[in-house]
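Residue-level listing of the chains:
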Amino acid sequence: MTHYDIALIGSGSANSLPGEDLSGSRIVQIDRGVGPDHLFGGTCLNLGCIPTKMFVHTANLARTPAISGRFGVDESLRRVRWREIRDRIFGRIDPISAGGESYRAGHEDNENLTLLRGTARFTGPRQGGVHHLRVDVAGGGTEEITATTVVLGAGSRPSLPPVEGLAEVRPLTSDTIMRIEELPASIMILGSGVIAAEFAHILDALGVEVTIIARGDRLLRGADADVSRRLTEVLSDRLRVVTGFSAVSAARDAEGVSLRGRIGGEETTIRAQELLVAAGRRPNSDLLDAAVAGIDLAEDGRVEVDAHQRVLADGEILPGAWALGDLSSPHQLKHVANHELKILRHNLLHPEQLRRSDTMPIAYGVFSSPQVAAVGMTEQEARERGGAVRVAIQEYSSIAYGWAMEDTTSFAKIIVDADTEEFLGAHIIGPEATSLIQLITQAMSTGQRPRDIAATQYWIHPAMPELIENALLQLV
Ligand SMILES: Cc1cc2nc3c(=O)[nH]c(=O)nc-3n(C[C@H](O)[C@H](O)[C@H](O)COP(=O)(O)OP(=O)(O)OC[C@H]3O[C@@H](n4cnc5c(N)ncnc54)[C@H](O)[C@@H]3O)c2cc1C
Ligand SMILES: NC(=O)c1ccc[n+]([C@@H]2O[C@H](COP(=O)([O-])OP(=O)(O)OC[C@H]3O[C@@H](n4cnc5c(N)ncnc54)[C@H](O)[C@@H]3O)[C@@H](O)[C@H]2O)c1
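Keep in mind it's a predicted model, so treat the numbers as computed, not measured. (Residues numbered from 1 in each chain as written. Chains lettered and ligands numbered in written order. Predicted model: local features only at pLDDT ≥ 70, side-chain atom pairs only at ≥ 80, totals over all residues. Heavy atoms only, no water.)

## Some words on the UniProt feature "domain: Pyridine nucleotide-disulphide oxidoreductase dimerisation" (unreviewed entry) in the protein chain
This chain's UniProt record puts "domain: Pyridine nucleotide-disulphide oxidoreductase dimerisation" (unreviewed entry) on residues 363–471. Between the C-alpha atoms that bound residues 363–471 the distance is 18 Å, and the span itself is 32% helix and 28% strand. (UniProt positions renumbered as here; feature names shortened; annotations may be inferred. Helix = DSSP H or I, 4+ residues; strand = E, 2+ residues; numbered from the N terminus.)

## Some thoughts on the sheet that holds strand β9 (residues 240–242)
For sheets, the rule is that strands pair by backbone hydrogen bonds, running either parallel or antiparallel. Strand order in this open sheet of 4 strands is β9-β8-β7-β13, and the pairing throughout is parallel. Taken across any chain shown, the strands that pair with only one partner, and hence form the sheet edges, are β9 and β13 (274–277). Pairwise comparison of adjacent strand axes, ignoring direction, gives a mean angle of 20° for this sheet. Across 5 bridges, strand β7 (residues 186–190) lies against strand β8 (residues 209–213) in parallel orientation. Following the sheet pairing, Ile187 is matched in β8 by Val210. Contacts from helix α4 (residues 194–205) reach β7, β8 and β13, with the element oriented near 165° to β8. (Pairing = 2+ DSSP bridges. Axes fitted to C-alpha atoms, helices over the stretch in contact; angles between N-to-C directions. Contact = heavy atoms within 4.5 Å.)

## Looking at a negative patch on the surface
Together, Glu20, Glu108, Asp109 and Glu111 line one region of the surface with negative charge. You can see Glu108 is positioned in the loop between α3 (82–106) and β3 (113–122). The class of Glu108 is exposed, set by a relative accessible area of 60%. (Patch = residues over 30% accessible without salt bridge, like charges linked within 9 Å, V, L, I, M, F, W, Y side chains within 5 Å. Areas by Shrake-Rupley, 256 points an atom, 1.4 Å probe, with all protein chains shown as cover. Salt bridge = Lys/Arg side-chain N within 4 Å of Asp/Glu carboxyl O. Lys, Arg positive; Asp, Glu negative; His and termini not counted. Charge placed at Lys NZ, Arg CZ, Asp CG, Glu CD. Buried < 20%, exposed > 50% of the residue type's maximum accessible area, 1.4 Å probe, protein only.)

## Focus on the site of ligand 1
Lining the immediate surroundings of ligand 1 are 37 residues, of which Asp31, Gly33, Thr43, Lys53 and Asp326 lie closest. Ser11 places a polar main-chain atom, nitrogen or oxygen, 3.2 Å from an oxygen atom of ligand 1. Contact between ligand 1 and Gly33: an oxygen atom at 2.7 Å from a main-chain N or O atom of the residue. Protein burial of ligand 1: of its 1000 Å² of free accessible surface, 95% is covered by the chains. Among the secondary structure elements, those contributing two or more residues to the shell around ligand 1 are β2 (27–31), α1 (42–46), α2 (49–68), β3 and α6 (334–349). Across the shell around ligand 1, the residue classes break down as 13 nonpolar, 18 polar and 6 charged. (Near = heavy atom within 4 Å. Polar contact = N/O pair within 3.5 Å; in protein donor to acceptor, adjacent residues only side chain to side chain. Nonpolar A, V, L, I, M, F, W, Y, C, P; charged D, E, K, R; others polar.)

Next up, the structure:
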């Protein structure tokens, strides 16, 4: 049994905890690694945000010929060199992961830190002022550990919905699809959320025949209803979208995978060479045996924390236990995990001056094509909250840059409280949505109202932010 001041679990956002001001603490960092190769550095770097957006950028280039005709430019896509695309992307990422691991394992900055590759589990409740953990060390053996403080950044992993035979067909997930050897001729995507929308764009642009399979009547159901409807329409024009499908069973044969299910009571089978499951991610609290330590878990497996990132047990603060990121947040986003780590770090070092992590509106961006981005409440949420709302909708086709892009389907929606003029939310579907949303995110985060920004600055003409300017001018 070895005792440490801090047991740090994970190497994603948690990896930013160690630093000079903790150099007096004896730290053990335990990381099992992500994906089938147990990579160091967490999901975003290895299997998430970063590689997907590198694939999206490549997909955008590959997609140009499909849309250039409307500008009087005839282009054709001659070939997609999949292995080169893949190897360029991971040729950049893998060395960062390996470098991060060897820095922690061997650099003099980390003399106070022991890196253990393996899976940490709680072995019981906190006792005698310390937490008790066992580590199943990668490569064999176990280590028993006690720690005064635990910092849990164990993240989440793809979950497979309860469909008979699904695990046996060995479906692809976001953990595996980006490193496959060959692109399949066709793929069906089970799930119609963020990962489905991004991979549908990537794979379709690279020449794969894509079918998205949604349980409900629209894609991206968590988004504002008008945005979700528009995305469904636009993607339906480009690839096959099946809605209202409840999957019952999956099977694989020599030609590919078939998914049997029902649409409105009628039995239907969908086939493709491969299946990608993108049906949500479950927090890794089970891998940690968090329940054994008495830690409170939400229904979806999230570790319950307070606004200061302190872990709760029986509704009370569990002394010396902190959590962050996908393990404990309802928002599985890298910028949220990073912010929570910063708040947690401050609070760990300055327990007498606790900061909250829930003081800013959370924006997100979906890098599909069209892009989708949002901050704050959907229109439905704003109306359900009670109180009058005002809504401005601005079509891209109404601004000069939208004419340049021949855009007919994209728009921004801004929602304000009709009485206080406060922003309640903003939703954009269309090119550059993930950048444009930042204008409203900044205003909401700093307490500005439409009139504070609409007419008090020059808006470059004829640039894309005119979309936001014109929407704001409807509200002042
Ligand atoms: C395909 C995809 C695309 C994404 N794109 C975006 C995007 O564009 N923008 C965005 O904001 N977010 C995106 N996300 C979400 C983002 O990646 C996550 O929100 C973020 O990485 C979570 O960070 P984390 O530190 O909480 O968890 P992780 O980075 O997953 O780190 C968890 C760590 O804990 C380790 N671990 C788990 N259990 C144990 C255990 N018991 N013992 C020891 N170690 C353990 C794992 O090995 C891992 O290192 C994407 C996610 C995916 C899957
Ligand atoms: N750009 C980004 O910020 C980005 C990109 C990718 C992933 N992420 C994060 O990763 C998380 C996980 O992504 P995701 O797309 O897997 O989850 P999601 O929550 O966005 O979507 C899950 C989808 O799976 C469907 N589903 C769930 N159970 C099902 C079942 N039994 N049968 C059929 N369909 C089912 C849901 O209806 C939904 O369409 C996201 O919520 C997001 O926070 C973020």
